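Residues per chain, in single letters:
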Amino acid sequence: MKIGIDARSVGTKICGVSRVAISQIMALAALDQANDYIVYTEVLDKIPGLSDNFHVVRTDCNRMNAFHDFHLYKRLKADNLEVLHVMHSWLPLFIPKHVKKLVTIHDIFTVTDPDFFSKRRPFHLIFRCYFAMLTWLTVKRADVIITISSFCVNEIKRLFKLQSKRFEIVHNAPGIKQKLNIKCSDVLVEHDYLFYLGNFRSYKNVPTLIKGYAHLLHSADLSIDLVIAGNDDIEQIKTLCSELGILNNVHFFHRPSDETVDNLYRNAKVFVFPSLFEGFGIPPIEAMTYGVPVIISDAEALVETSGDAALVFDRTNPKDLAAKIKLILNDSNLRNDLIQRGFECARRYTWENSAKQLKAVYESLQGE
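Bear in mind that the values here come from a model prediction, so they are computed numbers and not experimental data.

(A) View of the nonpolar core. By size, the foremost hydrophobic cluster in this structure holds 95 residues, and its most contacted members are F195, I210, Y213, I228, F271 and Y362. When neighbours within four sequence positions are excluded, F195 is seen to be in contact with V227, A229, L264, Y265, A268, V270, F271 and V272. Core analysis: the second largest hydrophobic core is formed by 23 residues, V57, L81, V86 and F160 among them.

Structure below.
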């Protein structure tokens, strides 16, 4: 088969959706030497480590710019694909008719979260309407919708009232995983600490983490810091920490490298992931591979993917979060049990398994 992969999310900075895309492409290359793949990027001329049946094509077409879709269409038509798999949640506006269309929808927060585009004010409503339309067009046109959890499937069906559409669940896996044969660099934070990794969008619920941590410090005789790492602007979070009188106890790592994230995972006492909702939630699974006990919110997808390997708190209740943190820190038996359960849970999620599932989906479309 001749399979196209729209990986225009992959650039020089690898995180989030781009990390999922590059991890799945590398796993497919290790698994499948029979089919021919064309990997479409925006700015990359090559991706090191791919096998000979993978060909990287630089398109100079931005996935966020609909005006570039016609130029991409001409390239797709010339390549005479049988299947096109778009890895970043929405299909290009123009795709040759004979090509089977697959899309991985990581989440639909652009549609369901009214605050998702708050940074785009005063144009946030325009962005929200545009992406709602784009998502609607995508789910209607796609031959197969690939999602990352049952929660995502149910949300898409509920929102767009889909009945007969084909869905496939292909789980994510740790993007950063502890390498046991590599010596850990010097500890970056002197004191024991809780760890959060992620962005600061409204659905990530970081203010509840901050308030829960403040309640813990003010109500319990515990000495533990908080580490927050992510790519977004930290000024609002810093302001909240200052208002709560905990700024000196919070450490920020802005745009951390993979090496820094590896170090922060290795030395964390507890990993906390407080999201209001998620499509999958890779960081809790990553933390489990490091033997770090995990606390998650009761967001449906997090409970689905982490099962009983994490302690769950009420996503709307900072005091409940504080109580769960205190419980882990004070109960060594619970801590050890969560660590062992975490190892077992994390073993279920590998990019090799994801690649096997994707290959099976591609080949099921052959001849249709």
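(B) Expanded view of the pairing of strand β8 (residues 193-197). Here β8 lies mainly inside the structure; five of its five residues are buried. Burial along β8 is two-sided: Y193, F195 and L197 and L194 and Y196, pointing in opposite directions, are all buried. Examined bridge by bridge, β8 and strand β9 (residues 225-230) share five bridges and lie parallel to one another. What sits directly across from L197, in β9, is A229. On the question of chirality, the crossover connecting β8 to the parallel β9 by way of helix α6 (residues 206-219) is right-handed. The sheet contact formed by β8 and strand β11 (residues 270-273) spans two bridges and is parallel. Across the sheet, the residue bridging to L194 is V270, located in β11.

Rules used throughout
Residues numbered from 1 in each chain as written. Predicted model: local features only at pLDDT ≥ 70, side-chain atom pairs only at ≥ 80, totals over all residues. Heavy atoms only, no water. Core = buried A, V, L, I, M, F, W, Y, C linked by side-chain atoms within 4.5 Å. Buried < 20%, exposed > 50% of the residue type's maximum accessible area, 1.4 Å probe, protein only. Contact = heavy atoms within 4.5 Å. Helix = DSSP H or I, 4+ residues; strand = E, 2+ residues; numbered from the N terminus. Pairing = 2+ DSSP bridges. Right-handed = clockwise from strand over helix to strand, strands pointing away.

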